[in-house]
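Structural overview for review
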Amino acid sequence: MATMLPAEWIKNWEKGGRNEFLQLCRALSEDKSHDSLSFRDIQQALYELSSHVVRGNLKHDQTSGVLADIIEFREDMPSILADAFCILDIETSCLEEKAKRDNFTQLVLSCLYLVSDTVLKERLDPETLESLGLIKQSQQFNQKSVKIKTKLFYKQQKFNLLREENEGYAKLIAELGQDLSGNITSDLILENIKSLIGCFNLDPNRVLDIILEVYECRPEYDDFFVPLIESYMYMCEPQTLCHILGFKFKFYQDPSGETPSSLYRVAAVLLQHNLIDLEDLYVHLLPGDNAIIEEHKREIVEAKQIVRKLTMVVLSSEKTEEKEKEKEKEEEKTEKPPDNQKLGLLEALLKIGDWQHAQSIMDQMPPFYATSHKPIAIALCQLVHVTIEPLYRRVGVPKGAKGSPISPLPNKRAPKQADSFEDLRKEVFNMLCYLGPHLSHDPILLAKVVRLGKAFMKEETLFSCVLSITDQVLLPSLSLMDCNACMSEELWGMFKTFPYQYRYRLYGQWKNETYNSHPLLVKVKAQTIDRAKYIMKRLTKENVKPSGRQIGKLSHANPTILFDYILSQIQKYDNLITPVVDSLKYLTSLNYDVLAYCIIEALANPEKERMKHDDTTISSWLQSLASFCGAVFRKYPIELAGLLQYVANQLKAGKSFDLLILKEVVQKMAGIEITEEMTMEQLEAMTGGEQLKAEGGYFGQIRNTKKSSQRLKDALLDHDLALPLCLLMAQQRNGVIFQEGGEKHLKLVGKLYDQCHDTLVQFGGFLASNLSTEDYIKRVPSIDVLCNEFHTPHDAAFFLSRPMYAHQISSKYDELKKAEKGNKQQHKVHKYITACELVMAPVHEAVISLHPPKVWDDISPQFYATFWSLTMYDLAVPHSSYDREVNKLKIQMKAIDDNQEMPPNKKKKEKERCTALQDKLLEEEKKQLEHVQRVLQRLKLEKDNWLLAKSTKNETITKFLQLCIFPRCIFSAIDAVYCAHFVELVHQQKTPNFSTLLCYDRVFSDIIYTVASCTENEASRYGRFLCCMLETVTRWHSDRVIYEKECGNYPGFLTILRATGFDGGNKADQLDYENFRHVVHKWHYKLTKASVHCLETGEYTHIRNILIVLTKILPWYPKVLNLGQALERRVHKICQEEKEKRPDLYALAMGYSGQLKSRKPFMIPENEFHHKDPPARNAVAATVQNGPGGAGMPTSLTINTAKLEENAAEETDKLKEKSQGTVKVINKTVNAAPKVTTSNGNSASNSKIIKEKDDKEKSGKEKDKEKKEKIPATTPETKALGKDGKDKPKEERANKDDKPREIKEKTPKSDKEKEKVKKEEKASKEEKSKTIVTTIESKSVAEKEREKEPSREKDVAKDMKSKENTKGGEKIPVAGSLKSPVPRSEASECEREQKRRKVDIHSSPSHSSTVKDNLNELKDSSTKHYINHTTPTLSKSKEREVDKKDLDKSRERSREREKKEEKDRKDRKRDHSNSDREVPQDSTKRRKEENGTTGSSKHSKSESPSDSPRSNEKEREKSKSKSSGKEKGDSIKAEKMEKSSSGSKKESRHDKEKEKKEKRDSTGGKEEKKHHKSSDKHR
């Protein structure tokens, strides 16, 4: 502490220090108060001055002079000085320095005249007093003070009780009990009481006790007794009153005692008037605070035990009876609680309105302990009533209600009544917080508080207070009320003004926290669950009403607990959904809102897995909840915002599981179904107007959705969720695979993708049909913003924008119509086209940014935008759908007329409804017809600028398929139909640069990749697309007249695509009808090949998708019997393999198999499907421009029939895509041949191979074929042989052999070798053409001779011989028909053929080796083949040596095989020869294929590097050595062995297995083989 007196003052005391000190003291003395700082400063100044004297710095006489001057400054200055001396006395007495002690003594002596003796005797030590001479002896002084203290504090005042006179007390009671209504005042009575005490020697304490007793009996005279006691207390010690009251309370603290309420009231009044302190009285009251806390804990434990008992499963009824008895005993025990004086006093305080003291008592107890006692809760409620009265009367009373006013408390010290919301916040809210859940005791007060809350909501600042009151008081109180529906509605009146986020937060706290905060609430929760279980166990469809009423009753008080339980049951048992939804009709608005919250909470439950444990499907609990959501939100007016926001938030987090909920809600509320199971009739109806959609497009009745869809729309618009949800879904759809794919099963990822996509389509459809034009246009940004800024996929972006374009065009068209009143159709069309141009021009500009500039070289932005902006509604009118619905209505009307039971007025109403509907439909049809005509006119004008074809037509088709058709055909079922129609429309419009043939060819040629990359629903839509495409093709195929009319003269069917880009009209350039039929057959064959490939992969996705696609295209495919049989065989295999493994695939396969069998009667033999052997001289010229090289070629390029596209190996990857679908057409002429061009334009030489066919052979072959087709084929081999009259299996087998080779040899070398081989082949063919007739004759003679020989070897040789014959004959005659286009490079073609052949050879069910094993073996053997036979440059002598060795080897092998199979042959000789025949047949077929000489039905050129050399060798052999028939047979057999075994034992083992299998096969196969044999003999 800083010193008050600087050292300079002391040094220069006389000069200036003294005056400075005096001035300081004067300044400090001006403040007279004891509490101020100046008082302490004076004390310090005097102390410092005195201590300087003690230390010897100043003389005592100098000091005494100054002190004499300042003593007058203050009255209490002597006392302050005495304090300073006292401290110095203590300090100096401890010191050993005698000088300082002497200085102190002299100072005090010099100041004795300033401070009185009495003060010094109080303050100083007895020894000091003795040295100063103020007392004689310190010892005597000490003794005297002890005596005085004893007398004061320890000696009792004894009264002679007998001296008190009873009459005094009697007079006292009479005095206090008299009538106090007159002019009697407390002062007057007090004087009388004093007189009585004095006169009758009464004990003052007893008098006070009697005054309190009388006051207890006369509580109405507060105004008299309180002043009396107050003035009486001036004569007593302060504590006396408190002690007397405490003594009174103690008196009643016996276990049997009960404290009277009057005593509580007196104590309360005295506390309120501050006559006693609460702290002083509180200690006299029982029970102690510790006991109260213990009791509270015990209550909580008991509540938890009750909960446990309720949730326990009790087995026997005896136990329950015992428990009931126990309960009764417990209740008896707890009925009489011990008297709690603290609570009694609290109640009295509340009743008289002493809130401060009441609050401090409650603070000392556990929360809500005090108010859990009903009297206290009611007293506090009453106090709140009084406090809020004026404000409630002003703002809270509802209109029309009178209410009963409450008078204020007479007590002036009661809390001030609230006149404003601020007062309410300060006082009342605090009181309510102490009440907590026990506000339930006073429903009227609860209603008042809620009504004030409603008025309150306008005051933003107090919002948080209202929320906390709601959370802590209102909702818990509702839980303790007994099913008060009105209260629930009152609360909703206030709640509905809160945003849903606040409401849901309140419900969350109510549900998860509030119920654990109080023992009573814990019990209530348990009882609610118990009751809910009871109701839910008995809930059925039959007792919905009574159960619903019970649920309603229970829900009014505890909705969160009830709904939580109900939802948990729904998640387990989905059959509860319907009865529960129906039973919820007795709920209040608040309860519906709580239900919405509970649903969201259940959905967001982090402990629940959203997938089933197999990880391939969405959990059933989520599906059940979603279904319940849809039903409950549709039926009841529940706010949707929270649920929709939840879905949006989940999407933001990259989770799409919960889209299931949105899907269900939109489906149920708006009636918009998304299903892949739509029939074609429904789809057709969906292409009409809104009315037709509603009547014929959906499965369910979608009536009565007007209100619910309006609610959904409002929720979306009010919370701005419409566009965000669309964009999030569109983005999430593409993100599913990456964000949610991860470790999940492909099936589940596909399901999530589909769910996301379907919901987007459904939701977009809802917005398009429900939002007004302005709303829609205002919310959806332009296409470039959608794609570039929001990263929306293009298909989804156009899907969202499409309704907007339609709206804009129609509104612009209406404007133009109004502007000019011209009714001519031409004017209207012109205006429509103008409107389209105005609206679509910005779109054409916008789409340019969506793709690289190169794209627009082939297709124009206008074409792209037109394709994406139109819908089926714009392209065609579904007349049949309109007629169907109108007829239905007519039938309905007739039924109404015939119904005798229906009342006449109802009949009339129904008929009116039907008539109105009929009129609407007809009007809609007319309107759509006009619209379609306008659109077609517009397209007619646009079409010339659509396809620019700056590169090639092939490239144009690629872009069209890639950017338009494929993305859109899998978007929705209607889009799939639209795509097919659009392709047909572009064809019909004779669009320049559009090759219809190319387009269809590319679509059908290789569907494997497309199918494999689809999800389940996409596969279904893709199937619909193919179905519609096939429908068109089948229509053209069915009738020459239709074909000539719709395709004959159309540029899309030109087969010479001129380099100048000029679409010539030369009839010779058009594809004729018969060749078109060949092309269609080729497409069917391609589809079969792709389907078989997918079915054989073993991949889940491939198999599932191809089965879905096949099911969809069943009406139009398969049409050809042998293709159908091949499919049936593969599907049957799938059924067997997947029965145990993958039941969903098994179900799909079985379903398809059944449908396929039912279609079998409608299938036709191949020769009926297309004319297989047309006249040799029917010539059709054709060329194909394929790739950029084509532009520089001569105008008319010709391509040989037998050859298909061969791509240079360096370009295989690039050209694979480009060559897909390139059509090659035959140019058949009788003249000698120029050269063949490979279609990539690399070689310039053209050659034509002239072929002629022997008539006898032809007829024999056809007969053979017909027989085969009549007999049902069951063996894989025989079935395969049935195809294309033997041609196709040849091709298949060859190609399948080629596949592994091609894989290993995709090098430039192999292509060069091919070309060499081809040249050699051609030369040899031309040489031989002259000698063929003689060869045939000599061979046939040899054949007849060998027929008689019985040995197996001869048999085989003979079969081979006959086939060799045919082969020789076939080598030259032209096949005459259009060669089927091949859409891929040879390598990929051969790969697929390889797989096909492999299955034909090794697919019988008894042969269990997997596809993979077979493939590996085939790869090995084919590699060996290749090594053995790729020696085109060998000299002839070497060739002969090789041949001889091969012959020797093969003979040895055949002998070994004969020995081994000797036993089998005895039993099944005929079978054996048949099955053995199969291999040579294959090899001959293959040889035919390799030479490129198969008949017109052959669909792909299976020439591979390994085939041609081999055939060359054979040809050389033939021309050189025509030895005896036996030798010839042996050599053929050797070649057969070579081919089938490929020089390896593996292959021969396969043959053996195959033969055994064939023996096990059905008799149909055997018969068929017999037919083969006999036909060969005929030949």
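Note that this is a predicted model, so its numbers are computed, not measured.

Secondary structure assignment for the protein chain yields 74 helices and 0 strands. A burial count over the protein chain gives 55% of its 1579 residues as buried. Long-range pairs, those at least 24 residues apart, make up 79% of the contacts in the protein chain with a sequence separation of at least 6. Just so you have it, the protein chain exposes about 71400 Å², and 52% of that area is on carbon and sulfur atoms.

Spacing of three or four residues puts side chains on the same side of an α-helix, whose turn is 3.6 residues. The buried count for helix 44 (residues 861–869) comes to 9 of 9 residues, which makes it a mostly enclosed element. Residues of helix 44 that are buried include every one of Pro-861, Gln-862, Phe-863, Tyr-864, Ala-865, Thr-866, Phe-867, Trp-868 and Ser-869, and no others.

Interhelical geometry of helix 2 (residues 13–29) versus helix 4 (residues 60–70) gives an angle of 30° and a closest axis separation of 10 Å. In terms of orientation, helix 2 lies roughly parallel with respect to helix 4. The two elements helix 2 and helix 4 cross, and the hand of that crossing is right-handed. Mapping the contact onto sequence places Trp-13, Glu-14, Arg-18, Phe-21, Leu-22 and Cys-25 in helix 2 and Gln-62, Gly-65, Val-66, Asp-69 and Ile-70 in helix 4. Among the residues forming the contact of helix 2 with helix 4, the class breakdown is 6 nonpolar, 2 polar and 3 charged.

Our focus in this paragraph is helix 4. Within helix 4 the residues assigned to the buried category are Thr-63, Ser-64, Val-66, Leu-67 and Ile-70. Projection of helix 4 onto a plane perpendicular to its axis shows the buried side chains occupying an angular sector of 165°, all on one side. If you follow the buried residues of helix 4, they end up packed against helix 2, helix 3 (37–55), helix 5 (77–94) and helix 6 (98–110).

Right, let's talk about the environment of Leu-838 for a bit. Here Leu-838 shows up in helix 43 (residues 825–847). Given the relative accessible area of 48%, Leu-838 is considered partly exposed. Measuring from C-alpha to C-alpha, the distance between Leu-838 and Gln-808 comes to 9.4 Å, with 30 residues separating the pair along the chain.

Taken together, the side chains of Arg-531, Lys-537, Arg-538 and Lys-553 define a basic patch exposed on the protein surface. Judged by its relative accessible area of 40%, Arg-538 falls in the partly exposed class.

The tally for this structure, following the rule as stated, stands at 44 aromatic pairs. Seen from their ring centres, Tyr-215 and Phe-225 are 5.0 Å apart, and the 20° between their planes marks the pair as stacked. Here Tyr-215, found in helix 12 (residues 204–217), pairs with Phe-225, found in helix 13 (residues 222–232); they are 10 residues apart in sequence, far enough to count as distant. Each member of the pair, Tyr-215 as well as Phe-225, carries the same accessibility label: buried. Arranged with centres 5.5 Å apart and planes meeting at 90°, the rings of Phe-867 and Trp-868 form a pair that is edge-to-face.

Running from amino to carboxyl end, helix 5 crosses helix 6 at an angle of 155°, the nearest separation of the two axes being 9 Å. With respect to their mutual orientation, helix 5 and helix 6 come out roughly antiparallel. Helix-helix and strand crossings are classified by hand; for helix 5 and helix 6 the assignment is left-handed. Of helix 6, the residues touching helix 5 (which contributes Phe-85, Leu-88, Asp-89, Thr-92 and Ser-93) are Lys-100, Arg-101, Phe-104, Leu-107 and Val-108.

Counting 318 residues, the largest nonpolar core has Leu-345, Phe-628 and Phe-1025 as its most contacted members. Not counting the four nearest positions on each side in its chain, Phe-628 is found in contact with Leu-567, Ile-570, Ile-577, Val-580, Val-581, Leu-584, Leu-595 and Ile-599. Core analysis: the second largest hydrophobic core is formed by 41 residues, Phe-85, Val-108, Cys-111 and Leu-114 among them.

One can find Asp-471 in helix 24 (residues 463–480). Despite being buried, Asp-471 has no salt bridge partner; Arg-505 is the closest side chain of opposite charge, sitting 6.8 Å away. Setting aside residues no more than four positions away along its own chain, Asp-471 makes contact with Pro-476, Leu-506, Gln-509 and Thr-514.

Summarising the model, the protein chain shows a mean pLDDT of 74, and 69% of its residues fall at 70 or more. Helix 61 (residues 1276–1282) is the least confidently modelled element of the protein chain, averaging 37 in pLDDT, while helix 15 (residues 261–272) averages 95, the highest of any element. The low-confidence segment residues 1058–1065 (pLDDT under 50) makes 15 contacts with residues lying over four places distant or belonging to another chain. Here residues 1174–1317 scores under 50 on pLDDT; set against residues more than four positions off or in separate chains, the count is 414 contacts.

Okay, a nonpolar patch on the surface next. On the surface, a nonpolar cluster with roughly 530 Å² of combined accessible area is contributed by Ile-148, Leu-152, Phe-153 and Tyr-154. Along the chain, Leu-152 turns up in helix 9 (residues 138–154). Given the relative accessible area of 60%, Leu-152 is considered exposed.

A word on unusual backbone geometry. Pro-287 follows Leu-286 through a cis peptide bond whose omega is -5°. Along the polypeptide, Pro-287 turns up in the loop between helix 16 (278–282) and helix 17 (289–311). For the bond from Tyr-1117 to Pro-1118, the omega torsion is 0°, close enough to zero to count as cis. Topologically, Pro-1118 is positioned in the loop between helix 55 (1100–1112) and helix 56 (1121–1141). Positive phi is not limited to glycine here, since Asn-274 has a value of about 60°.

Let us now look at the side chain of Lys-943. Residue placement: Lys-943 occurs in the loop between helix 47 (904–942) and helix 48 (953–969). Judged by its relative accessible area of 14%, Lys-943 falls in the buried class.

Once that is clear, we can look at the state of the cysteines. In the structure shown here, the tally under the stated rule is 0 disulfides. This cysteine, Cys-465, is not joined by any disulfide, and Cys-433 carries the nearest cysteine sulfur, 9.2 Å off. For Cys-465, a relative accessible area of 16% puts it in the buried group.

Per the stated rule, a full pass over the model turns up 50 salt bridges. Across the salt bridge formed by Arg-74 and Asp-76, the nearest N and O atoms sit 2.9 Å from each other. We note that Arg-74, like Asp-76, is buried. Ionic pairing is found between Asp-89 and Arg-101, a salt bridge with its closest N-O pair at 3.0 Å. Taken together, the positions of Asp-89 in helix 5 and Arg-101 in helix 6 put the pair 12 residues apart, joining distant regions of the chain. For Asp-89, a relative accessible area of 3% translates into the label buried. Each of Asp-720, Asp-775, Lys-778 and Arg-779 takes part in a single network of salt bridges with overlapping partners.

Conventions and cut-offs
- Residues numbered from 1 in each chain as written.
- Predicted model: local features only at pLDDT ≥ 70, side-chain atom pairs only at ≥ 80, totals over all residues.
- Heavy atoms only, no water.
- Helix = DSSP H or I, 4+ residues; strand = E, 2+ residues; numbered from the N terminus.
- Buried < 20%, exposed > 50% of the residue type's maximum accessible area, 1.4 Å probe, protein only.
- Contact = heavy atoms within 4.5 Å.
- Areas by Shrake-Rupley, 256 points an atom, 1.4 Å probe, with all protein chains shown as cover.
- Axes fitted to C-alpha atoms, helices over the stretch in contact; angles between N-to-C directions.
- Parallel < 35°, antiparallel > 145°, perpendicular 65-115°, else oblique.
- Left-handed = near helix turned anticlockwise from the far one by under 90°.
- Nonpolar A, V, L, I, M, F, W, Y, C, P; charged D, E, K, R; others polar.
- Arc of directions from axis to C-beta.
- Patch = residues over 30% accessible without salt bridge, like charges linked within 9 Å, V, L, I, M, F, W, Y side chains within 5 Å.
- Salt bridge = Lys/Arg side-chain N within 4 Å of Asp/Glu carboxyl O.
- Lys, Arg positive; Asp, Glu negative; His and termini not counted.
- Charge placed at Lys NZ, Arg CZ, Asp CG, Glu CD.
- Phe/Tyr/Trp six-rings, centres within 6.5 Å; stacked < 30°, edge-to-face > 60°.
- Core = buried A, V, L, I, M, F, W, Y, C linked by side-chain atoms within 4.5 Å.
- pLDDT = per-residue confidence, 0-100.
- Disulfide = S-S within 2.5 Å.

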